[in-house]
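The lines below spell out each chain.
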Amino acid sequence: MSHDSFESKRTLHVGTEEYDYFSLPRVAEAGAGDVARLPMSLKVLLENLLRFEDGSTVRSEDIEALANWADDPPAAREIAYRPARVLMQDFTGVPGVADLAAMRRAVMAAGKDPGIVNPLSPVDLVIDHSVMVDRFGDDRAFADNVAIEMQRNRERYRFLRWGQSAFDNFRVVPPGTGICHQVNLEYLARTVWTKAENGRTVAYPDTLVGTDSHTTMVNGLGVLGWGVGGIEAEAAMLGQPISMLIPEVAGFKLTGELPEGVTATDLVLRVVEMLRRHGVVGKFVEFHGTGLDHLPLADRATIANMAPEYGATCGFFPVDAETIRYLALSGRSAQTIALVEAYAKAQGLWHDAGDAGMEAVYSSTLHLDLASVRPSLAGPKRPQDRVDIAELGRAFDETLQLAGHTGDEKRVPVAGTDYSLGHGDVVIAAITSCTNTSNPAVMLGAGLMAKKATERGLRVKPWVKTSLAPGSKVVTEYLQATGLQQYLDRIGFNLVGYGCTTCIGNSGPLPAAVSEAVKAGDLVVSSVLSGNRNFEGRVHQEVRANWLASPPLVVAYALAGTTRIDLTREPLAQDGDGNDLFLRDLWPTNAEVRDAVGQVSAAMFDRQYADVFTGPEAWQAIEVDAGASYAWENSSYIKEPPFFSVGGDLDQSVSVAGARILALLGDSVTTDHISPAGAIQPASPAGEYLQQQGVDVRDFNSYGSRRGNHEVMMRGTFANIRIKNEMTPEREGGYTRHIPTGDEVAIYDAAMRYQGEGTPLVVFAGKEYGTGSSRDWAAKGTRLLGVKAVIAESFERIHRSNLIGMGVLPLEFAPGESRSTLALTGDETVDIALPDGVAAATPRQDLVLRIHRTDGSTTATTVRSRLDTDNEIAYFKSGGILQFVLNNLVRAA
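Cut-offs and rules
Residues numbered from 1 in each chain as written. Predicted model: local features only at pLDDT ≥ 70, side-chain atom pairs only at ≥ 80, totals over all residues. Heavy atoms only, no water. Core = buried A, V, L, I, M, F, W, Y, C linked by side-chain atoms within 4.5 Å. Buried < 20%, exposed > 50% of the residue type's maximum accessible area, 1.4 Å probe, protein only. Helix = DSSP H or I, 4+ residues; strand = E, 2+ residues; numbered from the N terminus. Contact = heavy atoms within 4.5 Å. Pairing = 2+ DSSP bridges. Axes fitted to C-alpha atoms, helices over the stretch in contact; angles between N-to-C directions. Right-handed = clockwise from strand over helix to strand, strands pointing away.

Got a minute to help me understand the nonpolar core in this structure?
Buried together is how nonpolar side chains tend to be arranged in soluble globular proteins. Within the largest apolar cluster, 291 residues are counted, with the highest numbers of intra-cluster contacts made by Tyr310, Phe493, Phe764 and Tyr769. Ranked by the residues each element gives to this core, the list is headed by helix H4 (residues 90–109), at 10 residues. Not counting chain neighbours up to four residues away, the residues in contact with phenylalanine 764 comprise Ile661, Ala663, Leu664, Leu665, Ile791, Phe813, Arg819, Leu824, Val830, Leu849 and Ile851.

Below, the structure written as structure tokens:
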């Protein structure tokens, strides 16, 4: 119960219903601050503090500091935030449930009730990351891929079925339903949440954290949510507040209207480019302005989805008339819709673009005229590297030169066919990922492209692996209702499954003959996908150039078969009569797209979400052990995690002595580099382990699917085939030198040698370390390898938090210093120590880094601890956030 120091609790009447709520205008009336001028996203945080004020984790001074933000932004002010709910996907959900099951085992070993380990907040887990594109290009693809998925993942799914029955407040959306972010947008989210409390109904903003960085997609619906590591999400599930600093908020003003032929995908790629250049890592971004009047909610969700790509914590859109329209379209109840509008207006959370006088105060501002956006792609390996379609051929040739193929025009015959492959040819064209498959305009635009192509007698080039993986069954229904699915089928874009597929690295194998040609010619081939991630080695390990594009452009490049082309002036194909066909001949008009979108109805959402938790027969048939504690079996997918123990307080120090360097890494090392999600190579440590366990190579599945097995995942840490360790400059992939022997070995093997020698480890890196998905195993694996600290020039937000959550110390160089200025070779030993006279760790303190070189000299410099808050110090000292929570649970039991 809130202390309610500002007497803000009020009653809201909506129809015949009555709701208690904590009034933001009342805080201003009490003289706490100019709440009206706060960004909308900070108003949501302020309400959260009001509701959870307890005098301990949330104090009246915290509320006043946030309420006064517009006039006096506090420097590094820590607050405790409690989201309403948690969203998980299965790659992160399986290890999350495994951690909870292991905590229950630890609690039982201490003689306590395992039921004390149970989610206190509602948790929804959507199984969406496991389906692979094994079959494609025909009417059997979907059924075959689902059957393979169920067989391949049966052990994992049995474990999740156990979790569904063992834990309260825990729901599982079965496989074959949709992508978690799209299911969240279309069904789970409410914009305003309610719960019963002391016989009353309390209304408050719908907020969440998710174990996927693209949780931000729901920001388009006025729901404040962002991605966290699975580690942090588990703590939130167990009632632990999220410790965070009051963020800076960048205001992004949109004006104008998108021109003819420009899609929401083109817009978001421009936004990503602008915001990466502006610098918003760790900040909120809030969109406002008259341009919102011309952005359908699906377009807003597309922009919000890619907040991780522009580096922000979230990309928030306020509640307005368009929000209400979408809630009605997607089948939310009349009472929910009425409550959202009434609550938003009562709290000052309603946006009216015409009311310019009420514009909020922001930390920094940007402006974009929507009319200036041009058709584009992004790549070949970063989402922020936007390229106009007219420049794609040139951009690819630059990529080719960097790969050492200057002027190389060779063609390699594809065995058993009448065609050949060359550099830049498109071997994967995938309409996939949450970013775009939630957006009817671009999905129907792709269908209209397919229709026009079919009518002109076109098909995709035979070397292109095509796939269509919608984010929900609603998409399939409206593609069928408009008659457009049949045309997608005819050109090769048959349904392959409902899930992330290609964007998460589940693109499946290339046809064998194509794969052999790529290898034989050392070809730099391309993928074009409607995704949000194109990092090295992610989409497919044999595809080195990966381009993000709108679904209609995915179709266009599949028809062209190459990315070495300017589609603004070169033909993409010839019709049956040999006439050149250009992109402009096939591109749908805005009017055609609007007419198709107009056929999407609320009844479609009602039908597809009527039994969302039931699942297919194969899911329902999985037998479940109903015990409170999981009976760990001999499984190559699920093993009891080694992270938890009860008894004795851990007191880990920030000091490290005599550490060896495991890796020297450059800029923009992603969580895909640190912990890949794609294919497991047979000759890798993980592949060798699985074969030793009797697993056939064809049954390896992916790293992502085996996140419930720490033996696989620790062997896969730093195992991306494209990672570059400067200690082994002549060799790409997860290798290092073991010192002092000098042996060049796999990083895992070196780490095990060091552990046997009792030697602690550190990793050095450049800027933006940990960019990418909220991959918990990038931190868990780092910990299990024996790494005590990561010293980088800067960290991405989620990975920094995950490292702390696993008891790994993140340290940041002073500006201008780096591994390069220190001239590190990897042969050195490293000490990290508190400065003289300092007895204990404090937030963001300076530590002394000493480098001992082989010539006997020592270099000392200062690095900044990125333990940013007192709570983070407590987590780190306990060996991680989950161990901290476990200790507290056992003490309280």
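Just checking my understanding: could you explain unusual backbone geometry for this structure?
Most of the time, phi is negative for any residue but glycine, and the peptide bond is trans. The omega torsion across glycine 379 and proline 380 is 10°, close enough to zero to call that bond cis. Along the chain, proline 380 turns up in the loop between strand S16 (376–378) and strand S17 (386–388). Note the cis peptide between isoleucine 739 and proline 740, where omega equals 15°. In the Ramachandran plot, serine 433 falls in the positive-phi region, its phi being about 80° despite a non-glycine side chain. For serine 433, the location among the structural elements is in the loop between strand S20 (426–431) and helix H15 (434–437).

Can you walk me through the sheet that holds strand S4 (residues 85–89) in this structure?
Through backbone hydrogen bonds, the strands of a sheet pair up, either in parallel or in antiparallel fashion. Taken in spatial order, the five strands of this open sheet run S6-S5-S4-S9-S10, and their pairing is parallel. Strand pairing shows two members of the sheet lacking a second neighbour, strand S6 (170–173) and strand S10 (224–227), which therefore form its edges. Here the strands of the sheet are splayed against their neighbours by 20° on average, with no regard to which way each runs. By the bridge criterion, four bridges tie strand S9 (residues 207–210) to S10 in an arrangement that is parallel. Directly across from glycine 210, in S10, lies its bridge partner glycine 227. Most of the contacts of helix H7 (residues 180–188) go to S4, to which it runs at about 140°, and overall it touches S4, strand S5 (123–126), S6 and S9. Lying over the sheet, helix H8 (residues 230–237) contacts S4, S5 and S9, oriented at roughly 140° with respect to S4.

Can you help me understand the pairing of strand S13 (residues 284–288) in this one?
The buried fraction of S13 amounts to five of the five residues, a majority that puts the element mostly inside the structure. Neither face of S13 is open: one carries Phe284, Glu286 and His288, the other Val285 and Phe287, and all of them are buried. Relative to S13, strand S12 (residues 249–255) runs parallel, the two sharing five bridges. If you follow valine 249 over to S13, its bridge partner there is phenylalanine 284. With respect to chirality, the unit in which S12 leads through helix H9 (residues 264–278) into the neighbouring parallel S13 is right-handed. Of the pairings in the sheet, the one linking S13 to strand S14 (residues 314–316) comprises three bridges and is parallel in character. Each bridged residue has a counterpart across the sheet, and for valine 285 the counterpart in S14 is glycine 315.

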